[in-house]
Amino acid sequence: MNTGVLKEKAAFSNRQYVGLAFPLIIAGITTPLIGVVDTAVVGRLPDPSSIGGVAIGAVIFNTMYWLLGFLRVSTSGFTAQAQCSHNINETQLTLLRPMIIAMIFGLLFIIFQKPILHIALNVIGGSDAVSSFAFTYFSIRVWGAPFILMSYVFIGWLIGMGKVRLSLATQLVMNVMNIVLSIVFVMVLGLGVAGVAYATLISEISAVLFGGFIIARHNRIGFSSVKLRMILDPDPLMKMVKVNRDLFLRTVCLLVMTGIFTSKGAGMGEVTLAANSILLQIHYIMAYLIGGFANASSILTGRALGSKDLFLFNRAVNLSAVWGLGTAVTLAVLMLLFGDSIVGLFTNIATVRDMAVDNLVWMVIFPFVGFWGLQLEGIFSGATDAKAIRNSIFLALLLFLLVIWLLVPMFENQGIWLAFVVFSLGRSIFLFLYLPKLQRLHYS
């Protein structure tokens, strides 16, 4: 066996894996910070309607950008494969092609901003005052849509190239600038809701400029050899579109599940809705922590497939399983030991806290049933096999709907959480069944 192969295999060590995962975990946790910071700063203002307006605006943007999260995921997978196959032009093209999609969707959001906001406000609801503040926030921040979507592409490309710390730096620049400018614009200059919107817009534009600077500085080859006909080559372009389409549909399934979950809880009263919302936020934190390892798995899988080495692919899968399970056990133990205190950080309302604590067992179960599905999504994303991700989550959604229909009338809120756990378990099992096919496809 030649020395180069031995070196690449040695790179797939536990230390290498954790070295990739740690900054990705931090980057993942910073993702929802923009809406949190905006809401927290506006929370210092005397008018409670401003808090509701910013909160609604943040929900709209989180939903829009969550649907297009595939721009980061697929870009990292395609880039890792192209880099390890030593295809220089294709490595550059994996950045340029998704940039076209990002710019198109960003411009569409700007063009159709009024219908988007109108539909969202009708669905979410709120008083006239809240809607007015939401309009102010949305109409300013929406101009950053092309920039935030392009930053997804930049971050995905840097991750695929293995420059994880540089991708983290891009996200940290955006979040730190947003925090500083929000405080200055609101607390010092007194610009209110418009101030936090302008702060976010400026930070999103700055993140793209910073990411572009990093790419230009560290991309020694440059893009001079890339021609327009190569960017518009129909075969790789259609492959990228199909992968992104399937990842988009996967996100739609997730939104349907969380929407039904929230709606069923809301039908059982404000206390149930509030308690479930707290536990769902705790679940998101767990998912982001596990997602850091899933992103590391995506990079390693892309490299393994790019170099056509079955040993490296199996090593990536094994590392995913070991570290995913270890993370699940750690999170479950933390919930058992400190769950009550964690819930207390979210609310001081006794009835809400008590109900959330009564349902903490589901947060102990979730890491065990959900970690493997999240890890496998990283593996399949690295292989750019989004069809399997789409199919497995659709089947899990059908299971969720079946359990909701059968058990919620009998077990009420416990039935909702059981459906959630069944969904997470189904997501893991169904995608695992596709793993042998993925292996045969690339190494038969």
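Numbers given to residues run from 1 along each chain, matching the order in which its sequence is written. The predicted nature of this model means local features are confined to residues of pLDDT at least 70 and side-chain atom pairs, given and counted, to a pLDDT of 80 or more, with totals for whole chains, interfaces and linings taken over all residues. Hydrogens and waters are ignored; side-chain quantities use all the structure's heavy atoms.

Going by the annotation in an unreviewed UniProt entry, the name recorded for the chain is Probable multidrug resistance protein NorM, with Sutcliffiella horikoshii given as the source organism. UniProt positions are given in the numbering used here, feature names are shortened, and annotations may be inferred rather than shown by experiment. We quote the UniProt Subcellular location (unreviewed entry) comment for the chain here in full: "Membrane". Reading the Sequence similarities (unreviewed entry) entry of the UniProt record for the chain gives the comment "Belongs to the multi antimicrobial extrusion (MATE) (TC 2.A.66.1) family."

Peer 1: Looking at this model, I keep getting lost on empty space enclosed by the protein. Mind explaining?
Peer 2: Left-over empty space is what a probe sized like a water molecule reveals as it rolls over the atoms. Grid spacing is 1 Å over the protein atoms alone, the probe is 1.4 Å, and a cavity is where that probe fits but cannot get out, while a pocket is an open set with protein on both sides within 12 Å along at least five of seven lines and lining residues have an atom within 4 Å of a point. Grid points are joined across faces, edges and corners, and a volume is the space filled by probe spheres set on the points. Tallying each qualifying case throughout the model produces one cavity of 30 Å³ or more. The volume enclosed by the largest cavity comes to roughly 40 Å³. In terms of lining residues, the largest cavity is bounded by Gln-113, Lys-114, Leu-117, Phe-135, Phe-138 and Ser-139. Each helix is a run of H or I in the DSSP string that is no shorter than four residues. Each strand is a run of E no shorter than two, and both are numbered from the N terminus. At the level of secondary structure, the elements contributing two or more residues to the lining of the largest cavity comprise helix 7 (113-124) and helix 8 (128-141). By the convention adopted, Pro, Cys, Tyr, Trp, Phe, Met, Ile, Leu, Val and Ala count as nonpolar, Lys, Arg, Asp and Glu as charged, and the other residues, Gly among them, as polar. In terms of residue class, the lining of the largest cavity is made up of three nonpolar, two polar and one charged.

Peer 1: Looking at this structure, I do not really get the environment of Leu-149. What am I missing?
Peer 2: You can see Leu-149 is positioned in helix 9 (residues 145-160). The exposure class of Leu-149 is buried, given its relative accessible area of 0%. For the pair formed by Leu-149 and Tyr-65, sequence separation is 84 residues and the distance between their alpha carbons is 7.5 Å. Throughout this description, buried means an accessible area under 20% of the type-specific maximum (1.4 Å probe, protein chains only), exposed means over 50%, and partly exposed covers the range between.

Peer 1: Is there a simple way to think about the packing of helix 9 against helix 11 (residues 192-218) in this case?
Peer 2: To characterise two packed helices, one gives the angle between the axes of the helices and the distance between these axes. Here an angle of 0 to 180 degrees is reported between the N-to-C directions of two axes, which are lines fitted to C-alpha atoms, with helices fitted over the stretch in contact. Relative orientation of the contacting elements helix 9 and helix 11 amounts to 30°, with a least axis distance of 9 Å. As for how helix 9 packs across helix 11, the hand of that crossing is left-handed. Here helix 9 contributes Phe-147, Ile-148, Met-150, Ser-151, Phe-154, Trp-157 and Leu-158 to the contact with helix 11, which in turn contributes Glu-204, Ile-205, Val-208, Gly-211, Gly-212, Ile-214 and Ile-215. Should the near helix be turned counterclockwise from the far one by less than a right angle, the crossing is left-handed, whereas a clockwise turn marks it as right-handed. Only heavy atoms matter for contacts: two residues are in contact if any of them lie within 4.5 Å across the pair.

Peer 1: How should I be thinking about unusual backbone geometry in this particular structure?
Peer 2: Excluding glycine, residues mostly have negative phi values, and the peptide bonds linking residues are mostly trans. Even without a glycine there, the phi angle at Glu-412 is positive, about 50°. Considering the arrangement of structural elements, one finds Glu-412 in the loop between helix 18 (386-411) and helix 19 (413-433).

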